[in-house]
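Structural overview for review
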Amino acid sequence: MKIYAIGDIHGCLRELTFLHEKIFTNDKFKIKDDLIIYLGDYIDRGLKSKQVIDQIIKLKSNNIKTIHLMGNHEEFLVDFLFKKINNIKKWLQFGADQTFKSYDIEIVDFIKDGFDDEIIDRLRNTFLEKMSDEHINFFNNLEESFSTKKYLFAHAGVDPMKNLSEQTRKDYLWSRSPEFFDKSFKAKKIIIHGHTPVENITNHPYRINIDTGCFFSGKLTSVCLSDDVESRLFISNLQK
């Protein structure tokens, strides 16, 4: 089995469509055996968050195996919609307005009157009314991490001061540290992550970062891996 991990998408539908095409037309891709892992941050900033989720959901109807990890941006959405946390002020700093627009909601129509719980409750109810059951199930069933024999996949990575078995949701979704980013970082598994945008992929012995800042760079990146071989194949939507 080969695994194709895809980095932070952030509502960039066109780039995702091109990358999917690159992967699915690759001679090495085997629909019956291979797995697509999304590292989270599907939403916010870009214009097409809803449509990105639509495209990912449709892959299952084509019998493509997928794993959907949670990013820190999806944590904002889950906390807001399903845990009923009034986190809109902070979420807006991360590009939430574009996610609402993709679901045909102008958030300013609500928050122009403030951020009181009554106002935010109306916004939440409107969002839930606009969201299909498929999308609700998608966001409710995101995973924090995924492991194989050799690799651990998580949105942000890990806390290098802890064993892999001790990592928390906060570690998987928000980790950033000099120790983790250092080339000498070592763990029991190779960590595949996004979250921290880089101009070019990071390809260290025990850490691979494939967040190439799609929203502002136009480059969405994937890495193809297998427990059975040592090779690392990098694919982007910009490759010819």
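In case you missed it, the structure is sitting above this.
So, here is what we can say about the structure in this document.

Reading guide: rules and limits
- Residues numbered from 1 in each chain as written.
- Predicted model: local features only at pLDDT ≥ 70, side-chain atom pairs only at ≥ 80, totals over all residues.
- Heavy atoms only, no water.
- Buried < 20%, exposed > 50% of the residue type's maximum accessible area, 1.4 Å probe, protein only.
- Helix = DSSP H or I, 4+ residues; strand = E, 2+ residues; numbered from the N terminus.
- Pairing = 2+ DSSP bridges.
- Core = buried A, V, L, I, M, F, W, Y, C linked by side-chain atoms within 4.5 Å.
- Contact = heavy atoms within 4.5 Å.
- Axes fitted to C-alpha atoms, helices over the stretch in contact; angles between N-to-C directions.
- Expected span 1.5 Å × (residues − 1).
- Arc of directions from axis to C-beta.
- Salt bridge = Lys/Arg side-chain N within 4 Å of Asp/Glu carboxyl O.

**Some remarks on the pairing of strand 5 (residues 151-154)**
Here strand 5 shows a buried face lined by Tyr151 and Phe153 and a second buried face lined by Leu152 and Ala154. One ladder, built from 3 bridges, connects strand 4 (residues 145-147) with strand 5; its direction is antiparallel. Of the residues in strand 5, the one forming a bridge with phenylalanine 146 is phenylalanine 153. Hairpin connection between strand 4 and strand 5: a loop of 3 residues separates the two successive antiparallel strands. Of the strand pairs in this sheet, strand 5 and strand 6 (residues 190-193) are connected by 3 bridges, and their pairing is parallel.

**Brief notes about the nonpolar core**
Ranked by size, the top nonpolar core spans 48 residues in total, and within it Tyr42, Trp91, Phe100, Phe127 and Phe139 carry the most contacts. Leave out the neighbours within four places in its chain, and phenylalanine 139 touches Ile43, Ile53, Glu74, Leu77, Val78, Phe82, Tyr103 and Met131. The next biggest cluster of nonpolar side chains, apart from the first, holds 17 residues, and it includes Ile3, Ala5, Tyr151 and Ile192.

**Considering the sheet that holds strand 8 (residues 207-209)**
Across the sheet, 5 strands lie side by side as 4-5-6-8-7; this open sheet has mixed pairing. With partners counted over all chains shown, the strands left at the sheet margins are strand 4 and strand 7 (202-204), one partner each. In this sheet, neighbouring strand axes are inclined to one another by 15° on average, regardless of whether the strands run parallel or antiparallel. The pairing of strand 6 with strand 8 spans 3 bridges and is parallel. Considered in strand 8, the bridge of isoleucine 191 is made with arginine 207.

**Let's talk about the environment of glutamine 51**
Among the secondary structure elements, glutamine 51 is positioned in helix 2 (residues 49-61). Setting aside its immediate chain neighbours within four residues, glutamine 51 contacts Leu13 and Ser102.

**Quick word on helix 7 (residues 117-130)**
For helix 7, spanning 14 residues, the distance from its first C-alpha to its last is 20 Å, which sits close to the expected 20 Å at 1.5 Å a residue. Those residues of helix 7 that sit buried are Ile119, Ile120, Leu123, Arg124 and Phe127. Down the axis of helix 7, the buried side of the element spans an arc of 140°, and every buried residue falls inside it. In helix 7, the exposed residues that point more than 90 degrees away from the buried face are Glu118 and Glu129.

**Section: the pattern of salt bridges**
Under the defined criterion, the tally for this structure stands at 8 salt bridges. The salt bridge partner of lysine 112 is aspartate 113, with a shortest N-O separation of 3.7 Å. For lysine 150, the salt bridge goes to glutamate 230, with nearest N and O atoms at 3.4 Å. Of this pair, lysine 150 sits in the loop between strand 4 and strand 5 while glutamate 230 sits in the loop between strand 9 (221-225) and strand 10 (233-236), and the two are 80 residues apart along the sequence. Classification of glutamate 230 as exposed rests on a relative accessible area of 66%.

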